[in-house]
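# Results of the structural survey
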Amino acid sequence: MPSAKILSQKQAYVKSLQEKFEKAAGGAVVAYGGITVADDTKLRKELREAGVEYEVIKNSMLRLAVKGTAYEGLADSFVGDTAMAFSNEDAIAAARILNKFQEADKSKRFTLKAGFMDGKVLSQSEINAIAKLPSHEGMLSMFAGALKSTLSGLAVAMQAYADKQEPAA
């Protein structure tokens, strides 16, 4: 039985993890095995720049943190080497960066296990699919480009119609 001091520290840590889950717009569970120190440093820097908090956490602490919450389904993925990525702003930033790293990993031991977004648990296939989506700014620029091309096409068609009508008048 742990001492009262250690027990209270662990309870405080679990509570802080619960708050991270509650505040996060999205996140990912990662198996980080086979990653070199240099690659890990590079990955952490990229995640930090994107506003993503990334840390290795004991599976038992994670299970306690999600127990009785909407994210309880993540507990199945808390086996082996586990790291968590929490993103408070862009819901898919963590998944996108980690997926890019996963695809570049030659050992194939660094993998996305699961994820969460907007109170829902995402399976490995779902988190991998979401990770391939462009960022919010990227989607907006794609939408603006599609809108611009549609309007340009409409303007060309209207000009062609006007040109066709002029000789008859």
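Bear in mind that the values here come from a model prediction, so they are computed numbers and not experimental data. (Residues numbered from 1 in each chain as written. Predicted model: local features only at pLDDT ≥ 70, side-chain atom pairs only at ≥ 80, totals over all residues. Heavy atoms only, no water.)

## Some words on the side chain of Asn 59
Along the chain, the position of Asn 59 falls in helix 3 (residues 59-66). Owing to a relative accessible area of 15%, Asn 59 belongs among the buried residues under this scheme. Once residues within four sequence positions are removed from consideration, Asn 59 is found in contact with Phe 78, Val 79, Gly 80 and Thr 82. (Helix = DSSP H or I, 4+ residues; strand = E, 2+ residues; numbered from the N terminus. Buried < 20%, exposed > 50% of the residue type's maximum accessible area, 1.4 Å probe, protein only. Contact = heavy atoms within 4.5 Å.)

## Overview of the sheet that holds strand 5 (residues 120-122)
An order of 2-3-1-4-5 is seen for the five strands of this open sheet, with the pairing classed as antiparallel. Two strands bound the open sheet, and with one partner strand each, they are strand 2 (52-56) and strand 5. Taking the axes of each pair of neighbouring strands and ignoring which way they run, one obtains an average angle of 20 degrees across the sheet. Pairing of strand 1 (residues 26-32) with strand 4 (residues 110-117), which is carried by seven bridges, proceeds in the antiparallel orientation. From the neighbouring strand, Gly 27 faces strand 4, where its bridge partner is Phe 116. (Pairing = 2+ DSSP bridges. Axes fitted to C-alpha atoms, helices over the stretch in contact; angles between N-to-C directions.)

## So, the nonpolar core
The tendency in soluble globular proteins is for nonpolar side chains to be buried as a group. Judged by nonpolar contacts, the single largest core of 24 residues is most densely connected at Leu 43, Leu 47, Tyr 54, Leu 98 and Phe 110. If you list the elements that add at least two residues to this core, you get strand 1, helix 2 (37-49), strand 2, strand 3 (83-87), helix 4 (93-104), strand 4 and helix 5 (124-131). At six residues, helix 4 tops the list of elements feeding residues into this core. By size, the runner-up hydrophobic cluster in this structure holds 18 residues, among which are Phe 21, Val 29, Met 61 and Tyr 71. (Core = buried A, V, L, I, M, F, W, Y, C linked by side-chain atoms within 4.5 Å.)

## Comments concerning unusual backbone geometry
Residues other than glycine seldom take positive phi values, yet Asp 118 does so here, at roughly 50 degrees. On the secondary structure map, Asp 118 appears in the loop between strand 4 and strand 5. Owing to a relative accessible area of 60%, Asp 118 belongs among the exposed residues under this scheme.

## Focus: helix 2
Here helix 2 is 13 residues long and its end C-alpha atoms lie 18 Å apart, about the 18 Å a rise of 1.5 Å per residue gives. Along helix 2, the positions that sit buried rather than exposed are Asp 40, Leu 43 and Leu 47. For helix 2, the angular spread of the buried residues around the axis is 65 degrees, confining them to a single face. Every exposed residue of helix 2 that faces more than 90 degrees away from the buried side is listed here: Ala 38, Lys 42, Arg 48 and Glu 49. Lining the buried residues of helix 2 we find strand 2, helix 4 and strand 4. (Expected span 1.5 Å × (residues − 1). Arc of directions from axis to C-beta.)

## Quick notes on the packing of aromatic side chains
How two aromatic rings sit relative to each other is given by the distance of their centres and the angle of their planes. Counted under the stated rule, the structure contains six aromatic pairs. Ring centres of Phe 21 and Phe 116 lie 5.2 Å apart, and the angle between their planes is 45 degrees; on these two criteria the pair is classed as tilted. Taken together, the residues Phe 21 in helix 1 (residues 4-23) and Phe 116 in strand 4 connect sequence positions 95 residues apart. According to the relative accessible area criterion, Phe 116 is buried, its value standing at 1%. Here Tyr 71 and Phe 116 contribute two aromatic rings whose centre-to-centre distance is 4.7 Å and whose plane-to-plane angle is 55 degrees, an arrangement assigned as tilted. Taken together, the residues span a long stretch of sequence, with Tyr 71 in the loop between helix 3 and strand 3 and Phe 116 in strand 4 at a distance of 45 residues. We classify Tyr 71 as buried; its relative accessible area is 9%. (Phe/Tyr/Trp six-rings, centres within 6.5 Å; stacked < 30°, edge-to-face > 60°.)

## Quick notes on the packing of helix 4 against helix 5
Look at helix 4 against helix 5: their axes get within 8 Å of each other, and the N-to-C directions meet at 100 degrees. In terms of orientation, helix 4 lies roughly perpendicular with respect to helix 5. Within the contact between the two elements, helix 4 uses Ala 95, Arg 96, Asn 99 and Gln 102 and helix 5 uses Ile 127, Asn 128 and Ala 131. Split into classes, the residues belonging to the contact of helix 4 with helix 5 amount to three nonpolar, three polar and one charged. (Parallel < 35°, antiparallel > 145°, perpendicular 65-115°, else oblique. Nonpolar A, V, L, I, M, F, W, Y, C, P; charged D, E, K, R; others polar.)

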